[in-house]
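Topology and contacts: notes
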Amino acid sequence: MKKMTTYNTYADAANTAVRAFLTSVGEHYLGETFNTGSGSGKRIWETIKEEFDHRCAYCNKQTTLQIEHLVMFNRTEYGLHHPGNIVPTCQDCNKRQRKKVEISPERVKKVYVNWEGQLKAICKGNETNFNKRKKKIEKSIKKYNYPELSKNEENSIRVMAESLYGLIKQSGDNTNILYKELEKSFVVEKK
Ligand SMILES: [Zn+2]
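What counts, and at which threshold
- Residues numbered from 1 in each chain as written.
- Predicted model: local features only at pLDDT ≥ 70, side-chain atom pairs only at ≥ 80, totals over all residues.
- Heavy atoms only, no water.
- Helix = DSSP H or I, 4+ residues; strand = E, 2+ residues; numbered from the N terminus.
- Buried < 20%, exposed > 50% of the residue type's maximum accessible area, 1.4 Å probe, protein only.
- Contact = heavy atoms within 4.5 Å.
- Areas by Shrake-Rupley, 256 points an atom, 1.4 Å probe, with all protein chains shown as cover.
- Lys, Arg positive; Asp, Glu negative; His and termini not counted.
- Charge placed at Lys NZ, Arg CZ, Asp CG, Glu CD.
- Donors = N, O, S within 2.8 Å, 3.2 Å for Na, K, Ca; no water.
- Core = buried A, V, L, I, M, F, W, Y, C linked by side-chain atoms within 4.5 Å.
- Expected span 1.5 Å × (residues − 1).
- Arc of directions from axis to C-beta.
- Polar contact = N/O pair within 3.5 Å; in protein donor to acceptor, adjacent residues only side chain to side chain.
- Pairing = 2+ DSSP bridges.

Below, the discussion takes up the overall build of the chain. Counting secondary structure elements, the chain contains five helices and four strands. When the helices and strands of the chain are read in sequence order from the N terminus, they spell out α-α-β-β-β-β-α-α-α. Once the C-alpha set of the chain is aligned to its principal axes, its extents read approximately 70 × 50 × 40 Å. Within the span of the chain, comprising 191 residues, buried residues form 33% of the whole. A separation threshold of at least 6 residues defines the contact pool for the chain, and within that pool the share at least 24 residues apart is 61%. Entry remark: accessible area of the chain is about 12800 Å², with carbon and sulfur atoms responsible for 51%. Taking the 34 positively charged and 23 negatively charged side chains of the chain as two groups, their mean positions are separated by 5 Å.

Next up on the list: the coordination of the zinc ion. Looking at the zinc ion, one finds its protein donor set to be C56 (SG), C59 (SG), C90 (SG) and C93 (SG), positioned 2.3 Å from the metal centre. Take C93: its relative accessible area is 6%, and that puts it in the buried class.

Below, the discussion takes up the nonpolar core. Judged by nonpolar contacts, the single largest core of 23 residues is most densely connected at I48, C56, Y58, C93, L119 and I137. Looking at this core, the elements that each hand over two or more residues are α2 (39–51), β2 (86–89), α3 (115–123) and α4 (127–143). When residues in this core are grouped by element, the largest group, four residues, is from α3. Here L119 is in contact with A57, Y58, F130, R133, K134 and I137, once residues within four sequence places are set aside. Residues Y78, Y146, L149 and A161 belong to the second largest nonpolar core, which totals 13 residues.

A separate point is the environment of H54. For H54, the location among the structural elements is in the loop between α2 and β1 (66–69). When neighbours within four sequence positions are excluded, H54 is seen to be in contact with K49, K61, Q62, T63 and L65.

Compared with an ideal rise of 1.5 Å per residue, which puts 17 residues at 24 Å, α4 spans 24 Å between its outermost C-alpha atoms and is within 8% of the ideal. For α4, the full list of buried residues reads F130, R133, I137 and S140. Each buried residue of α4 lies within a common arc of 100 degrees when the element is viewed along its axis, so the set occupies one face. In α4, the exposed positions angled more than 90 degrees off the buried face are occupied by T128, K132, K135, K139 and K142. In this fold, the buried residues of α4 make contact with β2 and α3. Of the residues that open α4, the one with a side-chain oxygen 3.2 Å from the backbone nitrogen of T128 is N126.

Another aspect to go through is the pairing of β2. Of the two faces of β2, the one lined by I86 and P88 and the one lined by V87 and T89 are each fully buried. The sheet contact formed by β1 and β2 spans four bridges and is antiparallel. Following the sheet pairing, H69 is matched in β2 by I86.

Structure, rendered in structure tokens:
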């Protein structure tokens, strides 16, 4: 779960639209709505937290828990909002770590690690903890039947998420152009 932003950009709006889309797709596979804030969605989320003994799925701390999407809930990883893709984590562990990847000898890119990489980093080399927690997470993914998408399905979701992001972002940029025109007319009126 993200903190409320106090400074809003069109990119934020585009990201929100992508998450709404990934929520719809998740609900399509689930066969019902999945609002973790009320009704059956809330009950499922409460059950998942209980199954994790009200502890962070990564560091095992018993603390205030947030929703972590194992496959990241964004336009690059297109993880779905679905019970099989969410686990409870503490606030610190909910921030996905990044690693450097060498694209060419001169270029290094920072990319987000997947949930296993995140768990590995948090377990700091303790194999027993890593294996135990990994098993628990995998059990949850399986129990809640996270859909195994075909390459075609994955591709369609990716294309739609990307075009949705582009559309919203473009609308925002267009509004900025209009705003500049508006600013000019304000200046004219002042004279
Ligand atoms: Zn944690």
